[in-house]
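# Descriptive structure summary
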Amino acid sequence: MTRIYSSVILLKLFWKGRFNRMKLGTTKWQRNLFIATFILPTFLFFCVFTIYPVAQAMYYSLFDWSGSSDNKKFIGLDNFKEMIHDPIVWNAMGNDYFLVIGKIIGIMILATFFAIALTRFRFKLSNFFRSIFFIPNVISVVVIGVLWNFIYNPQIGFLNSFLSLFTKDKVDITWLGFTNHTIWMLLPPAIWAGIGFYMILLIAAIQSIPESYYEASGLEGAGQWTQFRYITLPLIWEQMKVSILNIMMTTLNGSFVIVLIMTNGGPDNSTQVMGSYLYQMAFSQYHFGYGAAIGVLILIASLITTVIMQKLMHQETIEVS
Amino acid sequence: MKSGISNPIIKIIFYAILVIWGISVLYPLLWTLLDALKNNDQFFRKMPWSLPDFPLLWSNFTYVWSEFSFGTYFTNSVVVTLGSTLLGLFLAASTAYVLARYPFKGSSALFLLYISSMMIPFSLALIPLFFLLNSMHLTNSSFGLTLVYASTLIAFGIFVLVGFFKSLPKELEEAASIDGASYYGIFFRVMLPLSQPGLITVGIVNVLNIWNEYIIGTILVNDPVHYTLPVGIAMMQAQMQYRTEWGPLFAGLLITIVPILVMYMFFQKQIASGITAGAVK
């Protein structure tokens, strides 16, 4: 049956060759038309809704502009000069990198731990845990933010009610109200929400390691820790690098949504990150030029950080191997 | 060594940590349901983890659905999510097919352009997008939101689908073309049905992203008639300062989460593999 089928295909291929040679002119024209109709609409759409806005953002960053067309004033790089003297920008940037570092440490440790526990340890319920741990990744950041706001709620929240079990008086700490440390409070939800994704990435990496490596080292008496340190870790390091870069980029680009939902940058701008400051400047204070300039700053920051981190982690790879 | 680790104490500790984390993930979902059935009095009088009093206040659900317009938000979310996913899938699949099968001068540069656009922080485009849509009279409209969402899906879709089309055997297309099928016929009748698994993976990841999307929705829409669910929830939470109704808020959260959890139960494999496909470059 298969043989008949394949010989039909061969025959058809043969005929196609002759057919193509005969009608090459029209076929080529038809082919180009086909390519154009399949490439151009998408490209046009992409230009209008992605490339044009990105280019436009850089252009806007050179203006002092409140949104209406009559008072759009070209000011060159003044927005960027103003940013240097704006303490909130520096604070926001500090918060961004605080979240980047905190998330990298928290997520990588826990995700690696879970990935190893759910593969090398062969627990019976491994698959069940894996599905459960991924759930926060399919839930909207808005929902996650609201849930954690409730945990932190000073009067009726989980955290204070729980702490009150151990104290005489009712605990009423406003967890999101400190000017100095509130940014710390945003770390647990961010880590909680991020782990499943990176756990899945690392599980895939661990499962691609040949079982024979572990068997051979086991015969020579290597314990679980030695195997982790000298087999698993070096062999999943590539994937860990990808994960670390990915955490960095998604945090710089997207952590502001949870900030907007949980603290809106407050109290007193202390939890502002670059994205939330951009949002506030542009859409509540109507400094669109300044907002666009913050956007450009985010772009530059994430590009530079990517390059630096790639360099740093490249060196470490050599050390490991 | 097939048995994995031998030391039972370490094994128990590891197991305990897994169980604790599992509870930390599942428990919030459980109390979202329990708290959705309480009234304000129960929130202030009792512990947040206490069970709701009888009769259970299922009316909180009908209340947010009509009083807080979650019915409208739900419809908007469904329309925008499905519309943009279908449009985005079509735009991505058509280009991905040509890039995979009919390379032309500059096609690899085009592919690179799409892929590298995934590196650009989206916050950069927010301000110009608002003014662009405003000038097209497409702010405060589900249609405008659908278009923008569809555009955000293109790069990822192309990235995954080019690989998928390349993995399909060429013989079928060749056979179809000898049978006289046109280029379009081959794409729609042969390739699209064959690439269903790839399309489903990309489609599901897109549905997930759009259903949960907040920031574009809140920038492009400020008329409650066109809110999507995440925007509606954020607005409801903001109102809580003046009008505390915790039970209904949790009911609203649940209305947002449940459809996505149901989808997750059915398409777990595709979601995990699709979501991670974008990160492995």
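Residues numbered from 1 in each chain as written. Chains lettered and ligands numbered in written order. Predicted model: local features only at pLDDT ≥ 70, side-chain atom pairs only at ≥ 80, totals over all residues. Heavy atoms only, no water.

## What to know about the overall build of chain B
Helix and strand counts for chain B come out as 13 helices and 0 strands. Along chain B, from the amino end to the carboxyl end, the secondary structure elements read α-α-α-α-α-α-α-α-α-α-α-α-α. Principal-axis analysis of the C-alpha atoms places the extent of chain B at approximately 75 × 65 × 35 Å. Here the contacts in chain B between residues at least 6 apart in sequence split such that 74% fall between residues at least 24 apart. With an accessible surface of roughly 12,200 Å², chain B has 69% of that area assigned to carbon and sulfur atoms. Positive and negative charge centroids in chain B, built from 13 and 11 side chains respectively, lie 12 Å apart. (Helix = DSSP H or I, 4+ residues; strand = E, 2+ residues; numbered from the N terminus. Contact = heavy atoms within 4.5 Å. Areas by Shrake-Rupley, 256 points an atom, 1.4 Å probe, with all protein chains shown as cover. Lys, Arg positive; Asp, Glu negative; His and termini not counted. Charge placed at Lys NZ, Arg CZ, Asp CG, Glu CD.)

## A few points about the overall build of chain A
The number of helices and strands found in chain A is 14 helices and 2 strands. Taking all 321 residues of chain A together, 53% fall into the buried category. When contacts within chain A are restricted to residue pairs at least 6 apart in sequence, those whose partners lie at least 24 apart make up 67%. As displayed, chain A has an accessible area near 15,900 Å², and 66% of this comes from carbon and sulfur atoms. (Buried < 20%, exposed > 50% of the residue type's maximum accessible area, 1.4 Å probe, protein only.)

## A few points about the interface of chain B and chain A
Counting from both sides, the interface comprises 99 residues of chain B and, opposite them, 99 residues of chain A. For the chain B face of the interface with chain A, the top three residues by lost area are Leu 18, Trp 21 and Leu 124 of chain B, together amounting to 8%. If you look at where chain B meets chain A, you find 12 residue pairs in polar contact (both at pLDDT 80 or more). Among the elements that make up the side of chain B that touches chain A, the one with the highest residue count is helix 1 (residues 8–35) of chain B (18 residues). When its residues are assigned to classes, the side of chain B that touches chain A shows 76 nonpolar, 17 polar and 6 charged. (Buried area = accessible area lost by both parts, 1.4 Å probe. Polar contact = N/O pair within 3.5 Å; in protein donor to acceptor, adjacent residues only side chain to side chain. Nonpolar A, V, L, I, M, F, W, Y, C, P; charged D, E, K, R; others polar.)

## Quick notes on the domain arrangement of chain B
Quoted interface sizes are often the accessible area lost when the parts come together. Residues and elements named next belong to chain B. Per the domain assignment, the segments of chain B are domain 1 (8–59) and domain 2 (69–277). A straight line from the C-alpha centre of domain 1 to that of domain 2 covers 33 Å. Opposite the 10 residues of domain 1 that make contact, domain 2 presents 10 residues. Run the count over domain 1 and domain 2 and you get 0 salt bridges. Seen at the junction of domain 1 and domain 2, the total is 0 residue pairs in polar contact (both at pLDDT 80 or more). At the level of secondary structure, the elements contributing two or more residues to the side of domain 1 that touches domain 2 comprise helix 1 and helix 2 (40–45). No other element matches the 5 residues that helix 1 contributes to the side of domain 1 that touches domain 2. Partitioning the side of domain 1 that touches domain 2 into residue classes produces 6 nonpolar, 2 polar and 2 charged. (Domains from an automatic or database assignment. Salt bridge = Lys/Arg side-chain N within 4 Å of Asp/Glu carboxyl O.)

## Here we look at unusual backbone geometry
A positive phi angle is found at Asn 269 of chain A, which is not glycine, with a value near 65°. Looking at where Asn 269 of chain A falls in the secondary structure, it is placed in the loop between helix 12 (256–262) and helix 13 (274–284). For Asn 140 of chain B, which is not a glycine, the phi torsion comes out positive at approximately 55°. Topologically, Asn 140 of chain B is positioned in the loop between helix 6 (123–135) and helix 7 (142–167). Judged by its relative accessible area of 27%, Asn 140 of chain B is partly exposed.

## Focus: helix 7 of chain B
Helical geometry: 3.6 residues make up each α-helical turn, so side chains three or four residues apart lie on a common side. Residues and elements named next belong to chain B. The end-to-end C-alpha distance of helix 7 is 36 Å, a good match for the 38 Å that 26 residues give at a rise of 1.5 Å each. At Ile 154, helix 7 shows its maximal bend, which comes to roughly 35°. Along helix 7, 19 of the 26 residues are buried, which leaves the element largely enclosed by surrounding structure. (Expected span 1.5 Å × (residues − 1). Bend = angle between axes of the 7 residues up to and from the residue.)

## A word on a nonpolar patch on the surface
All names here are of chain B. Together, Ile 200, Val 258, Val 262, Met 265, Phe 266 and Phe 267 make up an exposed nonpolar region whose accessible area comes to about 570 Å². Among the elements that make up the nonpolar patch, the one with the highest residue count is helix 13 (residues 246–277) (5 residues). For Ile 200, the location among the structural elements is in helix 10 (residues 196–212). (Patch = residues over 30% accessible without salt bridge, like charges linked within 9 Å, V, L, I, M, F, W, Y side chains within 5 Å.)

## Points about the packing of helix 4 (residues 87–117) of chain A against helix 1 of chain B
As a packed pair, helix 4 of chain A and helix 1 of chain B sit with axes 11 Å apart at the nearest point and diverge in direction by 120°. Two packed elements cross with a definite hand, and for helix 4 of chain A against helix 1 of chain B that hand is left-handed. In this structure, helix 4 of chain A uses Leu 110, Phe 113, Phe 114 and Ala 117 of chain A to contact helix 1 of chain B, whose residues at the interface are Phe 14, Ile 17, Leu 18 and Trp 21 of chain B. Across the contact of helix 4 of chain A with helix 1 of chain B, the residue classes tally to 8 nonpolar, no polar and no charged. (Axes fitted to C-alpha atoms, helices over the stretch in contact; angles between N-to-C directions. Left-handed = near helix turned anticlockwise from the far one by under 90°.)

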